[in-house]
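# Reading the structure
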Amino acid sequence: MAASPFDLTGKAALITGGNTGIGLAIARGLAEAGALVAIADRNADNAGSALASVAKACEANNSRAISLIADVTDTTAVVAMVDATLKDFGRIDILVNNAGISLSGPPEKMPLEDWQTVIDVNLTAPFVCAQAVHPAMKRQGGGKIINIASVLANLATGNAPNYAASKGGVLQLTRSLAIAWAPDNIQVNVILPGWIDTDLTKRAREARPELHDRILARVPAARWGTPEDLAGVAVFLASRASDFVTGAAHTVDGGFTAMG
Ligand code: NAI
């Protein structure tokens, strides 16, 4: 039987911010598709349980998972993270730039530090991580870079200028890298999640209790997304099924953006 076009057997993946939420669900999805998976996060919080759940997803495929600590705003740590993945798996085929944060507030009151911190984590770090994996992917003859932006790359609210600007920047970074590295057979794509039930949005819902129902009323699918809703599109973008797909944005939002 011919292998599935989504088969990731023998491919090595690195996911930043992989200990919780969307990153963890994507890590499990890639593992279920056969990949060797490195999950990296800024500290050891949840690292044990995250590694156990990704390792379990690897079992069916004779694959395996490792856990790394790396703050993606620390360039030295990013280089060490990529080196550790290469050392353990011997290759790196898939990078998922997932680590992200939100520090919201109205623009007129936002401390410059909150602006800069969000830009550093959400926009500069994906650039630095992409730069760090490029030599290995080029040497191997190809690779897949998957950036996690947000529907706020295209839409905006009045309360998150730093977040929206960072995610809009990731969209343009994706297109730029896709063009630059197409000759190296590296496909670079971006996923734009809508409202997903994770720690990140839990904090926003605690701060603004009306948010939960307001979003529900605006999502045609009539539910919040789950982290697992992002796994399938990530597997597609990591696999040979997407070899002619690059520089493209993939919205996963239950119809939120289509509703206008
Ligand atoms: P989360 O807060 O549940 O998980 C984010 C993970 O990133 C955490 O494990 C955290 O420790 C890690 N992280 C944060 N800063 C880091 C750093 N400097 N270095 C390394 N790791 C770091 O968030 P969630 O919701 O899973 O978000 C994942 C990505 O999806 C983010 O880029 C976020 O902006 C994006 N997103 C999330 C949406 C949602 O509704 N939850 C919607 C649209 C986009």
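These lines cover the structure that appears in this document, whether it is placed above or below. Counting from 1, residues in each chain are numbered in the order their sequence is written. Thresholds applied to this predicted model are a pLDDT of at least 70 for local features of residues and 80 or more for the giving and counting of side-chain atom pairs; totals over whole chains, interfaces and linings are not thresholded and use all residues. The side-chain values count all of the structure's non-hydrogen atoms but skip hydrogen atoms and water molecules.

### Focus on the sheet that holds strand β6 (residues 186-193)
Rules: The pairing criterion for strands is at least two bridges between them, as found by DSSP. Helical segments are the DSSP runs of H or I of at least four residues, strand segments are the runs of E of at least two, and each set is numbered from the N terminus. Note on method: axes are straight lines fitted to C-alpha atoms, helices fitted across the in-contact stretch only, with angles between N-to-C directions ranging 0 to 180 degrees.
The seven strands are arranged β3-β2-β1-β4-β5-β6-β7 in an open sheet whose pairing can be described as parallel. A single partner strand is all that each edge strand has here, and the edge strands are β3 (65-69) and β7 (249-252). Taking each pair of neighbouring strands and ignoring which way they run, the sheet shows an average axis angle of 20°. Relative to strand β2 (residues 36-41), strand β1 (residues 12-16) runs parallel, the two sharing five bridges.

### Section: the packing of helix α1 (residues 21-32) against helix α8 (residues 231-238)
Applied cut-off: For this classification, under 35 degrees means roughly parallel, over 145 means roughly antiparallel, 65 to 115 means roughly perpendicular, and everything else is oblique. Should the near helix be turned anticlockwise from the far one by less than a right angle, the crossing is left-handed, and should it be turned clockwise, the crossing is right-handed. Two residues qualify as a contact provided that any one of their heavy atoms is within 4.5 Å of a heavy atom in the partner residue.
It is the contact of α1 with α8, at a shortest axis distance of 8 Å, that shows an interaxial angle of 55°. Between α1 and α8, the crossing angle belongs to the class labelled oblique. α1 and α8 meet at a crossing whose hand is right-handed. Residues A25, I26, G29 and L30 of α1 pack against A231, A234, V235 and A238 of α8.

### Structural notes on the environment of G141
Inspection of the secondary structure assignment puts G141 in the loop between α4 (112-140) and β5 (143-148). Measuring from C-alpha to C-alpha, the distance between G141 and D93 comes to 9.6 Å, with 48 residues separating the pair along the chain.

### Re the side chain of T198
Keep this limit in mind: In this scheme, a residue with accessible area under 20% of its type's maximum is buried, one over 50% is exposed, and one in between is partly exposed, where area comes from a 1.4 Å probe on protein chains only.
As for its position among the elements, T198 is in the loop between β6 and α6 (199-207). Overall, T198 belongs to the buried group, its relative accessible area being 13%.

### Details of the site of the ligand
Filter applied, for reference: The near set for a molecule or strand comprises every residue that places at least one heavy atom within 4 Å of it. Polar contacts here mean pairs of N or O atoms no more than 3.5 Å apart (in protein, one a potential hydrogen donor and the other a potential acceptor; neighbouring residues in sequence count only if both atoms are side-chain atoms). For accessible areas, the Shrake-Rupley method is used with a probe of radius 1.4 Å. Any residue's cover is judged against the shown protein chains and nothing else. For this scheme, ten residues count as nonpolar: Ala, Val, Leu, Ile, Met, Phe, Trp, Tyr, Cys and Pro. Four count as charged, namely Asp, Glu, Lys and Arg, and the remainder, Gly too, count as polar.
Near the ligand, the surroundings consist of 28 residues, among which D41, N98, Y163, I196 and T198 are the closest. Within the contact set of the ligand, an oxygen atom lies 3.3 Å away from a backbone nitrogen or oxygen of G194. Taking I196, its main chain carries an N or O atom lying 2.8 Å from an oxygen atom of the ligand. For the ligand, whose accessible area on its own is 830 Å², the fraction buried by protein is 95%. For the shell around the ligand, the secondary-structure elements that each account for two or more residues are α1, α5 (161-181) and α6. No other element matches α6, which puts four residues into the shell around the ligand. Residues of the shell around the ligand, tallied by class, amount to 13 nonpolar, nine polar and six charged.

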